Amino acid sequence: MQENNSYINSNQEDSFDFRDMVESYIVQWKWFVFGVFVCFVFATLYLRYVIPIYSATATILVKDEKKGGLQSELAAFSDLGISTGVKSNVDNEIEVIKSRRIVRKAIEKLGFNVTYVTEGRVKAFEQYSDKPIECSFYNPSDKFYTSSKTYTINAVDKTHFELLSGQSIMGKFSYGAIIDLNDAKLVVNKTLVGVNNTEGFSVNVNVNSVDNVAESYRGRLDVSALNKNSSVVALTLNDPIRDKAVDFLNMLIEVYNEDAIADKKFISENTLDFIQNRLKIISTELGDVEKDVEGFKKTNKITDIASQANMYLSTSVDFEKELIDTETQIKVVDVMIDYIKTKGKWDLVPNNILLTADSKITTDFISQYNELVIQRNRISKEGMPKNTYLINLEQKIEEISNNIISNLERTKTSLKINKEIKEKQNRMIKGKISEIPTQELESRVLDRQQKIKESLYLYLLQKREETAISLAVTAPISKLVDAAFSSPSPVSPKRNIIYFIAFALGILIPFSVIYVKSLFDNKINSRQDLDGKISAPFLGDIPKSESQDEIINTNSKSSSAEAIRIIRTNIEFMLNKISENKSKTIFITSTIPKEGKTFVAINLASTIALSGKKVLLIGLDIRNPKIDRYVKLPSKGLTNYLSKNNEDIHDYIVKLDDFENFYVLPSGIVPPNPVDLLMNNRIDQMFDQLKNEYDYIIVDTAPVNLVTDTLLVAKNADIFIYVIRANFLDKRMIKLIENIYREKKLPNMAILLNDTKWRKTYGYGYGYGYGYSYIQNEEKTPWYLNWFKK
């Protein structure tokens, strides 16, 4: 039941985590106010002495080729595929405007590498349109503008001034005089402001490196298109001097246009020179090519190569056909000869196969042969083998067969001769044809050269006129839309933003310091560090005592005394189940030494004794007794009683002089075997005896994290007060304390927070929790926490 109530109480406390966090910062409200005040002071001083920055803006319209603007003269060669260089578009031109070369030219024209600075009481400021003098440097050497130099000009009277270089005086000079310097000549003239100045002046003239000044302006110059679909470009520059920023932007635009025009003229002039030179060369080359064409046709005796090539090709085709026919006839004759020689004696011979012109005789022989063979075969069938007619007929057939073979051989020879003749003629024709590609190649090369020279000559004549026109009319690459303008309101610093940042820093810096401090603080500082982490009842907290050795008496009015009185009352609530006639035993322990358990024990005992109750304080921390720091006690005590038999405990109990009912049992001599003594049954018998003689027994025990002494005697306690010293015990020990309570190693355990800072607590009697046997006092919630709850 007690644990459940403790959990309920812890859960209730957990809901106030945000409140605790807010209150931990609100308690430090003075630091927040101080931080805001200091930051506002610094912000005011910063705004008073910082140099304001103004912004100047100018807009120009860049002629973009992609949007139909002016094209480069090299675009005249675009139809030949020749590159015309970088196109004039917005992105490219923005980079040109921001280039070091353009910015440097503007700086040199305006002379911005020479600045005029006047020293004020707190800060130095640059003069521009209001400068009293104008310095002009003539015939400077190459090294003059590469390093920084400072000259000081002090007005002596209306016509003279004193010139200083660093700390050395160079002399006294009159205005308008030529002054020889190491690397240049200097002339100082008064401006209209200087002429009207009757009070005198002192000006520092700083001569800076042109490259460094150009880089400074490039870093502050912003050039960008107003939008992606527009060729309008905005130029913006931030500078402490409004007029200077305006003059720079106007000069930058002027230099940019002059540079673009010069580039165009340079390109056009070089293009025109190139065309003139090429016209002279091509005119000569064209005449040479025409003479070569004429000589080629005379040498090869040709007029038209294409017509002659067609004729040769047609003749070659005819010869090829005739050769194929001749070869076919030769093969047919070979077949006929083979057939006649290998056929049967009285077989017929095929007729009408030969296609040659002289094959008629052979065909007639074959016809006669076939008729005689047919006649012989018919007579042979009639059965007269010895017939004289048949014999003559067979002889005639044999003669005709031989004639056929002879004629076929002659035909074959004739066809071979004809084939050789045609092959020779065909080779001659092919030789002519093979010469045609070479002649055609040479002819085409000459013809191509002639056409190229003619086309190029005409092309250059045309481009010469176009380039001459573009050279005569060269327009600027950009058009001024709005001249440079600077608003009288500075862009930096913004007063509202500076004060807002100061306010934010004034809040953030104390907050960060407090947060970092709490982040690295691993000590238990207040009850809030225990809420939700230890479920044991919380008795209360004791503020830091003014005196470490203080013992409460009837006249004690300190905050520690009042806190202990309240804790005594809370203890009574936790011991309300114990009979009034029975002694109440209160054990006091801690995690580690020096947490104030002895201080709590002796003052709790004195508080109860002052109420008329008979109280005995026992020093059970026998390893490291501390009670004798508060009261004078004999050296013998509890350990002497436990180590000897037949000893009377009352011989070791001491009554304090200033109290009627306050008795103390000292720890005695530190024993070599404290565990053996505490495990002796005599200590239990001692508590049984003393409980019948005293109303309250307060026991100062040993720390539980170091030794087991306290756990050995814990069974004799009615309540265990577990002392935690604020700003001393590590938060990581909370888990140990919670485990001791959960495992019920110490009966009826309650937490007491010692040595707290009263500003970090709610008050001594407010908000304590004791489980089921306590009374929870109502606490008045501050108004700001009620606001946060809403």
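Quantities reported herein were computed from a predicted structural model and do not represent experimental measurements.

Another point: the pattern of salt bridges. What the rule picks out here adds up to 27 salt bridges. With its nearest N and O atoms 3.2 Å apart, the salt bridge here joins Lys584 to Glu572. Of the two residues, Lys584 sits in strand E15 (residues 584–590) while Glu572 sits in helix H13 (residues 559–574), which places them 12 residues apart along the sequence. One salt bridge connects Lys715 with Asp684, and the closest N-O pair in it is separated by 3.2 Å. With Lys715 in the loop between helix H18 (709–713) and strand E20 (719–725) and Asp684 in helix H17 (residues 681–690), this pair connects stretches of sequence that are 31 residues apart.

Two pairing modes exist for strands in a sheet, parallel and antiparallel, and in both the strands are linked by backbone hydrogen bonds. Taken together, 6 strands build an open sheet; the order of strands is E3-E2-E10-E5-E6-E7 and the sheet is antiparallel. Looking at which strands have only one partner, the edges of the open sheet turn out to be strand E3 (124–127) and strand E7 (168–174). Recorded for the sheet is a direction-independent mean angle of 30° between the axes of neighbouring strands. Direction of pairing for strand E6 (residues 160–165) relative to E7: antiparallel, over a ladder of 6 bridges. Residue pairing for E7: Phe161 is matched across the bridge by Phe173.

Another point: helix H7 (residues 210–220). For H7, every residue scored as buried is listed here: Val210, Val213, Ala214 and Tyr217. Viewed end-on, H7 has its buried residues packed into an arc of 100°, placing them on one side of the element. Looking at H7, the residues exposed on the side facing more than 90 degrees away from the buried face are Asn212 and Gly219. Where H7 is buried, its residues contact helix H5 (100–110), strand E11 (221–225), strand E12 (232–239) and helix H8 (242–300).

Let us now look at the side chain of Glu595. Considering the arrangement of structural elements, one finds Glu595 in the loop between E15 and helix H14 (597–610). One buried charged residue, Glu595, remains without a salt bridge, the closest side chain of opposite sign being Arg725 at 7.4 Å. Looking at Glu595, its side chain comes within polar contact range of the main-chain nitrogen of Arg725, at 2.9 Å. Every residue in contact with Glu595, bar those within four places of it in the chain, is listed here: Ser590, Val723, Ile724, Arg725, Phe728, Leu729 and Asn754.

Okay, the nonpolar core next. Ranked by internal contacts, the top residues of the largest apolar core, which has 45 residues, are Ile618, Met686, Ile724 and Ile751. Apart from residues lying up to four places away in sequence, Ile724 is in contact with Ile524, Leu530, Ile534, Glu595, Leu729, Ile737, Ile751, Leu752, Leu753 and Asn754. The next biggest cluster of nonpolar side chains, apart from the first, holds 39 residues, and it includes Ala561, Ala609, Leu633 and Ile698.

Spatially, E11-E12-E1-E13 is the arrangement adopted by the 4 strands of the open sheet, whose pairing is antiparallel. Two strands in the sheet have a free side with no partner beyond their single neighbour: E11 and strand E13 (478–486). On average, adjacent strands in this sheet sit at an angle of 15° to one another, irrespective of strand direction. Here strand E1 (residues 54–62) runs beside E13; their pairing, made up of 6 bridges, is antiparallel. Within E13, the residue paired with Val62 across the bridge is Ser478.

Right, let's get into the packing of aromatic side chains. For the coordinates displayed, the defined rule picks out 15 aromatic pairs. Here Trp31 and Phe34 contribute two aromatic rings whose centre-to-centre distance is 6.3 Å and whose plane-to-plane angle is 90°, an arrangement assigned as edge-to-face. Highlighted residues: Trp31 and Phe34, both in helix H3 (residues 29–49), separated by 3 residues, approximately one helical turn. Judged by its relative accessible area of 54%, Trp31 falls in the exposed class. Ring plane angle 35° and centroid distance 5.6 Å describe the contact between Phe587 and Phe687, whose orientation is recorded as tilted. Taken as a pair, Phe587 in strand E15 and Phe687 in helix H17 lie far apart in primary sequence, 100 residues in all. The rings of Phe112, Tyr128, Tyr217 and Phe248 are connected pair by pair, giving a single aromatic cluster. Geometry around Tyr128 places Lys131 over its ring, the cationic atom sitting 5.3 Å from the centre. Its end group placed over the ring of Tyr663, Lys614 keeps NZ or CZ at 5.4 Å from the ring centre.

Further remarks concern unusual backbone geometry. The omega angle of the peptide bond from Ser492 to Pro493 is 0°, so this bond is cis rather than trans. Locating Pro493 in the fold gives a position in the loop between E13 and helix H12 (495–519). Even without being a glycine, Asn646 presents a positive backbone phi close to 60°. Residue position: Asn646 is located in the loop between helix H15 (638–643) and strand E17 (654–655). One non-glycine residue, Lys744, lies in positive phi territory at about 55°. Mapped onto the secondary structure, Lys744 falls in the loop between helix H19 (734–742) and strand E21 (749–756). A relative accessible area of 62% places Lys744 in the exposed class.

Before going further, it helps to spend a moment on the packing of H3 against H12. Between H3 and H12, whose axes approach to 8 Å, the crossing angle comes to 145°. Read as a crossing pair, H3 and H12 show a hand that is right-handed. Listed contacts from H12 to Trp31, Phe32, Gly35, Val36, Cys39, Phe40, Ala43, Thr44, Tyr46 and Leu47 of H3 are Arg495, Ile498, Tyr499, Ala502, Phe503, Leu505, Gly506, Ile507, Ile509, Pro510, Phe511 and Ile514.

Looking now at H3. Residues three or four positions apart in an α-helix share a direction because the helix packs 3.6 residues into each turn. Compared with an ideal rise of 1.5 Å per residue, which puts 21 residues at 30 Å, H3 spans 31 Å between its outermost C-alpha atoms and is within 8% of the ideal. When H3 is considered as a whole, its buried residues turn out to be Phe32, Gly35, Val36, Cys39, Ala43 and Leu47. Taken end-on, H3 shows its buried residues confined to a sector of 95°, consistent with a single buried face. Summarising the geometry of H3, the exposed residues directed more than 90 degrees from the buried face are Lys30, Trp31, Phe37 and Phe42.

Our focus in this paragraph is the side chain of Asn206. Mapped onto the secondary structure, Asn206 falls in strand E10 (residues 202–207). The class of Asn206 is buried, set by a relative accessible area of 18%. Among the polar contacts made by the side chain of Asn206, one reaches the side chain of Thr150 at a distance of 3.1 Å. Excluding residues within four positions of it along the chain, Asn206 makes contact with Asn113, Val114, Thr115, Val117, Lys149 and Thr150.

Criteria and cut-off values
- Residues numbered from 1 in each chain as written.
- Predicted model: local features only at pLDDT ≥ 70, side-chain atom pairs only at ≥ 80, totals over all residues.
- Heavy atoms only, no water.
- Salt bridge = Lys/Arg side-chain N within 4 Å of Asp/Glu carboxyl O.
- Helix = DSSP H or I, 4+ residues; strand = E, 2+ residues; numbered from the N terminus.
- Pairing = 2+ DSSP bridges.
- Axes fitted to C-alpha atoms, helices over the stretch in contact; angles between N-to-C directions.
- Buried < 20%, exposed > 50% of the residue type's maximum accessible area, 1.4 Å probe, protein only.
- Arc of directions from axis to C-beta.
- Contact = heavy atoms within 4.5 Å.
- Lys, Arg positive; Asp, Glu negative; His and termini not counted.
- Polar contact = N/O pair within 3.5 Å; in protein donor to acceptor, adjacent residues only side chain to side chain.
- Core = buried A, V, L, I, M, F, W, Y, C linked by side-chain atoms within 4.5 Å.
- Phe/Tyr/Trp six-rings, centres within 6.5 Å; stacked < 30°, edge-to-face > 60°.
- Lys NZ or Arg CZ within 6 Å of the ring centre and 35° of its normal.
- Left-handed = near helix turned anticlockwise from the far one by under 90°.
- Expected span 1.5 Å × (residues − 1).

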